[in-house]
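Results of the structural survey
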Amino acid sequence: MTEVVAALIWRGKKFMICQRPAHKARGLLWEFVGGKVEPGETKEEALIRECREELAVTLSVGEIFMDVTHEYPDLTVHLTLFNATIAEGEPAMLEHNDIQWITPDEIGKYEFCPADEVILERIQKTYE
């Protein structure tokens with residue numbers, strides 16, 4: 001199983017979603033920023049590193065919002081989604097195809113990675 005971390009970053013009433021690059025698995029689907037936990041890293045350290053690499057921002061990592069295990073045809077991921085805020089920097093598209101700030105009402109306009117679907121349902125219920 002692959003340990004993956006991601007960030008639920010809010011700006012006012014909107015949260016950040018990122019579109020995967022076309023050449024990667026699940027290309028052009030939307031997701032929360034994050035990535036794989038490397039050996040020797042805590043989940044929080046991995047999330048801070050991934051956001052620095054992918055968005056050129058420094059995160060302040062908060063509490064866990066939700067844990068999800070999802071089986072894709074090519075891998076099984078254990079995804080830990082943290083509440084987080086941007087402590088420093090302005091998001092830049094270093095890896096992603098696009099970045100959007102959306103409200104929970106706008107979730108249905110985007111096609112997300114399957115692992116994120118239960119998280120998105122919880123966001124809609126929590127922030128209606």
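Quick look at the structure, then. Only a predicted model underlies this, so the values are computations on that prediction, with no experimental measurement involved. By convention here, each chain's residues receive numbers from 1 onward along its written sequence. Confidence filtering applies because this is a predicted model: local features only for residues at pLDDT of at least 70, side-chain atom pairs given and counted only at 80 or more, and all residues used for totals across whole chains, interfaces and linings. Only hydrogens and water are removed before side-chain values are computed, so all heavy atoms of the structure are retained for them.

Okay, the layout of surface pockets next. What the largest pocket holds in volume is close to 580 Å³. Comment: elements are numbered from the N terminus, with helices defined as DSSP H or I runs of at least four residues and strands as E runs of at least two. Of all the secondary-structure elements, those providing two or more residues to the lining of the largest pocket are β1 (2-11), β4 (34-36), α1 (43-55) and β6 (76-88). Of the residues forming the lining of the largest pocket, the biggest block, four residues, is contributed by β1. Lining residues are those with an atom within 4 Å of a point, where the points come from a 1 Å grid over the protein atoms alone and group into cavities, where a 1.4 Å probe fits but cannot get out, or pockets, open sets with protein on both sides within 12 Å along at least five of seven lines. Grid points are joined across faces, edges and corners, and a volume is the space filled by probe spheres set on the points.

What follows deals with the nonpolar core. We call a set of buried Ala, Val, Leu, Ile, Met, Phe, Trp, Tyr and Cys residues a nonpolar core when their side-chain atoms join them within 4.5 Å. Throughout, exposure labels follow a simple rule: accessible area from a 1.4 Å probe, protein chains only, divided by the maximum for the residue type, with under 20% read as buried, over 50% as exposed, and the rest as partly exposed. Among the nonpolar cores identified, the biggest contains 23 residues, and Phe15, Phe32, Ile119 and Ile123 are the most heavily contacted of them. Every residue pair with non-hydrogen atoms within 4.5 Å of one another is taken to be in contact. When near neighbours in sequence (up to four residues on either side) are disregarded, isoleucine 123 contacts Leu8, Trp10, Phe15, Phe32, Phe65, Pro104 and Ile107.

The next subject is helix α2 (residues 117-126). Residues of α2 that are buried: Ile119, Leu120 and Ile123. Buried residues of α2, viewed axially, fall in a sector of 100°; they line one side. At its buried positions, α2 is contacted by β1, β2 (14-19), β5 (58-71) and β6. The arc in question is traced by the directions running from the helix axis to the C-beta atoms.

The backbone phi angle of arginine 26 is positive, close to 55°, even though this residue is not glycine. Position of arginine 26 among the secondary structure elements: in the loop between β2 and β3 (30-31). Backbone geometry places leucine 28, a non-glycine residue, at a positive phi of 70°. Mapped onto the elements, leucine 28 comes out in the loop between β2 and β3.

Ring geometry is summarised as follows: Phe, Tyr and Trp rings, the Trp one being its six-membered ring, pair when their centres sit within 6.5 Å, and such pairs are stacked at plane angles under 30 degrees, edge-to-face over 60 and tilted between the two. In total, this model carries five aromatic pairs according to the counting rule given. With a centroid separation of 6.5 Å and an interplanar angle of 25°, the aromatic rings of phenylalanine 65 and tyrosine 127 are classed as stacked. Taken together, the positions of phenylalanine 65 in strand β5 and tyrosine 127 in the segment after α2 put the pair 62 residues apart, joining distant regions of the chain. The exposure class of phenylalanine 65 is buried, given its relative accessible area of 8%. Tyrosine 127 gets classed as partly exposed once you look at its relative accessible area, which sits at 36%. Joined through ring pairs, the aromatic side chains of Trp10, Phe15, Phe32, Phe65 and Tyr127 make up one cluster. Only Lys NZ and Arg CZ are tested; either one counts as a charge over a ring when it is within 6 Å of the ring centre and within 35 degrees of the ring normal. The ring of tyrosine 72 has arginine 26 sitting right over it, with the charged end atom 3.8 Å from the ring centre.

Both β5 and β6 contribute to a ladder of 11 bridges, which runs antiparallel. Looking at β6, one finds that aspartate 67 is bridged to threonine 80. Pairing between two strands is assigned when DSSP locates at least 2 bridges connecting them.

Okay, the pattern of salt bridges next. Definition used for salt bridges: Asp or Glu carboxyl oxygen within 4 Å of a side-chain nitrogen of Lys or Arg. For the structure on display, the rule yields eight salt bridges. Across the pair arginine 49 and glutamate 50 runs a salt bridge whose closest N-O atoms are separated by 3.3 Å. The class of glutamate 50 is buried, set by a relative accessible area of 8%. Of the charged contacts, one joins arginine 49 and glutamate 53 as a salt bridge, the two residues approaching to 3.3 Å between their closest N and O atoms. Of this pair, arginine 49 and glutamate 53 both sit in helix α1, four residues apart, roughly one helical turn.

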